[in-house]
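Notes for the structure review
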Amino acid sequence: MEILKVDYGNGYIRFYVDGLLPLPVRKAKILFDLINEYCSDNEKTELSEHLSKRIAECEIRQKEYANKTFNCPPNSKECKEYTRLFKREQRICSLLIKNLNMIGGTENGNKQI
């Protein structure tokens with residue numbers, strides 16, 4: 001899913017999904033209120049599937065960075081860099097899960113981090 005178009009009474013809004021999500025909860029609430037009110041169930045399902053796919057990709061990258069961190073010498077630049085990347089992916093994944101929960105989500109919607 002690249003673009004999500006939300007049609008409402010006076011017009012429409014186009015969202016570039018990969019560029020916009022993940023959003024912090026406060027900002028996402030505004031967006032997902034619009035989505036839940038004006039989008040069809042098919043569009044919501046497609047968005048949920050897209051977010052679930054991004055969560056899975058994010059979790060794979062987290063595992064890769066964790067393995068690389070484990071295999072490098074402690075306190076090295078390399079180790080610090082992989083730790084930074086791991087934490088970044090962890091934050092992104094957490095936000096994606098929260099965003100997914102705001103549209104009802106799928107099996108990952110109930111996931112706890």
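The following paragraphs examine the structure supplied in this document.

What counts, and where the lines are drawn
Each chain has its residues counted from 1, running along the sequence as written. Predicted model: local features are reported for residues with pLDDT of at least 70 only, side-chain atom pairs are reported and counted for 80 or more only, and whole-chain, interface and lining totals are derived from all residues. The basis for the side-chain values is all heavy atoms of the structure; hydrogens and waters are excluded. Between rings of Phe, Tyr and Trp, where Trp is taken as its six-membered ring, a pair exists when centres lie within 6.5 Å; planes separated by under 30 degrees are stacked, by over 60 edge-to-face, and by other angles tilted. Only DSSP runs of H or I covering at least 4 residues are called helices, and only runs of E covering at least 2 are called strands; the numbering of each starts at the N terminus. Exposure classes here rest on a 1.4 Å probe applied to the protein chains alone. A residue is buried below 20% of its type maximum, exposed above 50%, and partly exposed in between. Pairing between strands is defined by DSSP: at least two bridges between them are needed. The span expected for a helix works out to 1.5 Å for each residue beyond the first. Working rule for contacts: check all heavy atoms of both residues, and any pair within 4.5 Å makes them a contact.

1. What to know about the packing of aromatic side chains
Applying the stated rule across the entire model yields 2 aromatic pairs. Arranged with centres 5.9 Å apart and planes meeting at 50°, the rings of Y8 and Y38 form a pair that is tilted. With Y8 in strand β1 (residues 3–8) and Y38 in helix α2 (residues 25–38), this pair connects stretches of sequence that are 30 residues apart. The exposure class assigned to Y38 is partly exposed, which follows from its relative accessible area of 35%. Ring geometry for Y65 and Y82: centres 6.4 Å apart, planes at 25°, overall stacked. Remark: Y82 occurs in helix α4 (residues 77–101) and Y65 occurs in helix α3 (residues 41–71); sequence separation between them is 17 residues. Both residues of the pair, Y65 and Y82, count as buried.

2. Notes on the pairing of β1
Of the strand pairs in this sheet, β1 and strand β2 (residues 11–16) are connected by 6 bridges, and their pairing is antiparallel. For K5, the partnering residue across the bridge sits in β2 and is R14.

3. Describing the environment of R84
Note that R84 resides in helix α4. A residue is classified by how much of its surface remains accessible, and R84, at 43% relative accessible area, is partly exposed. C-alpha of R84 to C-alpha of I103: the two residues are 19 residues apart in sequence and 30 Å apart in space.

4. Some details on α2
Along its 14 residues, α2 runs 19 Å from first to last C-alpha, staying within 8% of the 20 Å computed at 1.5 Å per residue. Looking at the buried side of α2, the elements it contacts are β1, β2, α1 (17–20), α3 and α4.

5. Regarding the side chain of T69
Note on placement: T69 falls in helix α3. Among all residues touching T69, those that are not within four sequence positions of it are C79, Y82 and T83.

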